[in-house]
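Okay, here's what each chain looks like letter by letter:
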Amino acid sequence: MCGIVGYIGKREAWPILIKGLERLEYRGYDSAGVALMQKDSLLVYKKKGKVSELKNFVGDKNVISGVGIAHTRWATHGEPSDVNAHPQKSNSGEIAVVHNGIIENYLSIKKALIEKGYHFESATDTEVLANLIEDIKKNTHSNLDEAVRFALQEAVGAYAIAVLSADEPNTIIVAKNGSPVVIGIGDQEYFIASDATPIIEYTDKVIYLDDLEMAIIKDGNLTVKTIKNEIKNPYIQKLEMKIEELEKGGFPHFMLKEIYEQPRSIRDSMRGRINIQDGLVKLGGIEKYEDKLLNAKRIIILACGTSWHAGLEAKYFFEELAKVPVYVEHASEFRYRSPVIYDNDLVIAISQSGETADTLAALNLAKEKGATVFGVCNVVGSSIPRATHAGSYTHAGPEIGVASTKAFTAQMTVLLLMCLFLASSKGELSKKQMQDILSELDGIPEKIEKALKTNEEIKKIALKLKDAENFIYLGRGYGFPLALEGALKLKEISYIHAEGCPAGEMKHGPIALVDENMPVVFIANKGNSYEKLISNMMEVKARKGIIIAIISEGDTHVKEIADFVIEIPETSDVLMPFVASIPFQLLAYHIALLRGCDIDKPRNLAKSVTVE
Ligand code: G6P
């Protein structure tokens, strides 16, 4: 939520900042702005709306500067508007701040500043921080870095900030607590960003600040210290990301590109981790804590959104194959309950971004209560993998479309591998069973290639259903979490109300909604629940609902019942969710496209949710 960018060095800052903001727009797009250092003043341009609107607004105005900070916003304090856009300036106009996070005690600080004569134009907590820094700087006659450091000792909450001061033209101060920030190190130049994507084309050397640390970039030098003034020796990491991964590669939207990348991303998530011949799974990242997994009496999964749905699929994997009970928790609920945790519980935190504030807080709570915590994350070096004891990355590559697609199937891949490792170590699966599942898993990317061929058929179905006001998604067993995920995808990007539900629960409520205008999507592959699903389908048909069924290739029976069918290659129940995800994702994509929605940047959403 919110992206920050900064540059200081020998190049022109403006193009670097704008390109950086475009890369970070997945974090929010309510407004965008920049502050550019001039000789002894700050030039600030900001605009409600997307980065493209900021670019249009700036047009050919002066942007010449070698030092600047920029921001793309997901509104928390104050509606999306020009005034609430960042950078926020102090009253004198000398200090500018960009901020990702929330200063929780901003009201009390604001009150004290108002009493001292400060005034506020925006509703943001960030303007309060800018004025607090100014106030401290003036009263203590300190440099910007010291003023920021003192201000952060007063501020309570989450932040990644970059700060400029007009009287120190060769300085940027960066600080972090809770929200992420990366600093790229070039040749006498520095790049600042919420993640590494704006940095990768300039340098592969980066440092990730830890919580309560700040970086002082001054006259070409970088110093890292804590806000308590202890000097740190930062670890310089090498980025592994490739620039092509951040571009659309000929696809009209990142979401479509990412849907089509799934055969590759699933293969990458398995690579080096499976040995079909010996029926073995090896996950290097959890090796040191394997005994915790093997001895776990139960597994608690913490996640949000799509990652929560991957966790729900994992429950089905672990309980069926490894015979371990699994509890799947919404991180935002778990952290505010009084959850009962035993020291032989294993917690798995799932997160694409690795930054979701609720998931991070929930796992920290579980850690405090003595649990061992594994992470299943996509973004290397992000906060969640750094907070967990051990974990396995999904190797999906950067996911930029706000609606998660390839991260979901990559998460399921890694979770299934964890489950298979456990099941075989515990003797719940024989070598032969392991060989069979692993070789089927190995064939999944090919089945997904085939499922992607349903694209044209799905486009036609989307054209018929694009004006529906509601949708119901139904599935049983492994199809149930998928029904939830299918409904979420449609909601997120097309703004059609959609509800996912276990097919067996339909008769307890959702069936009241079914009439000739209600599309009902069934996951009706050939598997354990096939007959039962057919009965549910008949119940919908009897009430004239519009039936869209995802079926196993060659199923003629459902074809006679359903209004529309989407045929996918047959697989076992366990592996069905990987293949059946594809038509859900494509259906949501095409409906949203036909409705003229902004697919990669759906309204009100953001990809990295760093607020509670
Ligand atoms: C946001 C995104 C979702 C994502 C969820 C959890 O809501 O829009 O796509 O599933 O956050 O994010 P995480 O990065 O923790 O998987």
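## Section: unusual backbone geometry
Phase 1 of the analysis: A cis amide bond links H86 to the next residue, P87, at an omega of 0 degrees.
Phase 2 of the analysis: Note that P87 resides in the loop between β4 (67–73) and β5 (88–89).
Phase 3 of the analysis: Backbone geometry at N229 places phi at a positive 80 degrees, although glycine is not the residue there.
Phase 4 of the analysis: When you line up the elements, N229 lands in the loop between β13 (221–226) and β14 (231–232).
Phase 5 of the analysis: Exposure remark for N229: the relative accessible area of 36% places this residue in the partly exposed category.

## Quick look at the domain arrangement of the protein
Phase 1 of the analysis: Under the domain assignment used here, the protein contains domain 1 (3–244), domain 2 (247–442) and domain 3 (449–598).
Phase 2 of the analysis: When each unit is reduced to the centre of its C-alpha atoms, the spacing between domain 2 and domain 3 is 25 Å.
Phase 3 of the analysis: Opposite the 31 residues of domain 2 that make contact, domain 3 presents 26 residues.
Phase 4 of the analysis: For the domain 2 and domain 3 pair, buried surface summed over both sides reaches about 2,500 Å², with 70% attributable to carbon and sulfur atoms.
Phase 5 of the analysis: Where domain 2 meets domain 3, there are zero salt bridges.
Phase 6 of the analysis: Where domain 2 meets domain 3, there are 11 residue pairs in polar contact (both at pLDDT 80 or more).
Phase 7 of the analysis: Among the secondary structure elements, those contributing two or more residues to the side of domain 2 that touches domain 3 are α6 (254–260), α7 (262–270), α9 (305–322), α13 (406–425) and α14 (431–442).
Phase 8 of the analysis: Counting residues per element, the side of domain 2 that touches domain 3 draws most heavily on α9, at 10 residues.
Phase 9 of the analysis: Of the residues belonging to the side of domain 2 that touches domain 3, the class tally is 18 nonpolar, nine polar and four charged.

## Examining the packing of helix α17 (residues 479–494) against helix α20 (residues 576–594)
Phase 1 of the analysis: Closest axis-to-axis distance for the α17/α20 pair is 9 Å, and the angle between their directions is 20 degrees. Viewed along their axes, α17 and α20 adopt a mutual orientation that is roughly parallel. Crossing of α17 over α20 shows right-handed handedness. Of the residues in α20, those touching α17 at G479, L482, G486, K489, L490, I493 and S494 are M576, P577, A580, S581, F584, A588, Y589, I591 and A592.

## A short note on the sheet that holds strand β18 (residues 298–303)
Phase 1 of the analysis: Taken together, the five strands give an open sheet; going across it, the order is β19-β18-β20-β21-β22, and neighbouring strands pair in parallel fashion. The sheet terminates laterally at β19 (326–330) and β22 (390–393), the two strands that pair on one side only. For this sheet the average axis-to-axis angle between neighbouring strands, irrespective of direction, equals 20 degrees.
Phase 2 of the analysis: As paired elements, strand β20 (residues 345–351) and strand β21 (residues 372–377) share six bridges and run parallel to each other. Within the sheet, the bridge partner assigned to I350 lies in β21 and is V376.
Phase 3 of the analysis: Where α9 meets the sheet, its contacts fall on β18, β19 and β20, and the angle it forms with β19 comes to roughly 170 degrees.

## Points about the site of the ligand
Phase 1 of the analysis: Close to the ligand lie 14 residues; S307, S351, Q352, S353 and T356 are nearest.
Phase 2 of the analysis: Here an oxygen atom of the ligand sits 2.5 Å away from a polar atom, N or O, in the side chain of S307.
Phase 3 of the analysis: Contact between the ligand and Q352: an oxygen atom at 2.7 Å from a main-chain N or O atom of the residue.
Phase 4 of the analysis: When the free accessible area of the ligand is taken as 390 Å², the share hidden by the protein chains comes to 90%.
Phase 5 of the analysis: If you map the ligand onto the pockets, it falls in the second largest pocket.
Phase 6 of the analysis: By residue number, the principal contributor to the shell around the ligand is α9, which donates three residues.
Phase 7 of the analysis: Taken together, the residues of the shell around the ligand break down into four nonpolar, eight polar and two charged.

Calculation notes
Residues numbered from 1 in each chain as written. Predicted model: local features only at pLDDT ≥ 70, side-chain atom pairs only at ≥ 80, totals over all residues. Heavy atoms only, no water. Helix = DSSP H or I, 4+ residues; strand = E, 2+ residues; numbered from the N terminus. Buried < 20%, exposed > 50% of the residue type's maximum accessible area, 1.4 Å probe, protein only. Domains from an automatic or database assignment. Contact = heavy atoms within 4.5 Å. Buried area = accessible area lost by both parts, 1.4 Å probe. Salt bridge = Lys/Arg side-chain N within 4 Å of Asp/Glu carboxyl O. Polar contact = N/O pair within 3.5 Å; in protein donor to acceptor, adjacent residues only side chain to side chain. Nonpolar A, V, L, I, M, F, W, Y, C, P; charged D, E, K, R; others polar. Axes fitted to C-alpha atoms, helices over the stretch in contact; angles between N-to-C directions. Parallel < 35°, antiparallel > 145°, perpendicular 65-115°, else oblique. Left-handed = near helix turned anticlockwise from the far one by under 90°. Pairing = 2+ DSSP bridges. Near = heavy atom within 4 Å. Areas by Shrake-Rupley, 256 points an atom, 1.4 Å probe, with all protein chains shown as cover. 1 Å grid on protein atoms, 1.4 Å probe; cavity = no way out; pocket = protein on both sides within 12 Å on 5 of 7 lines; lining within 4 Å. Sits in = over half its atoms within 2 Å of the grid points.

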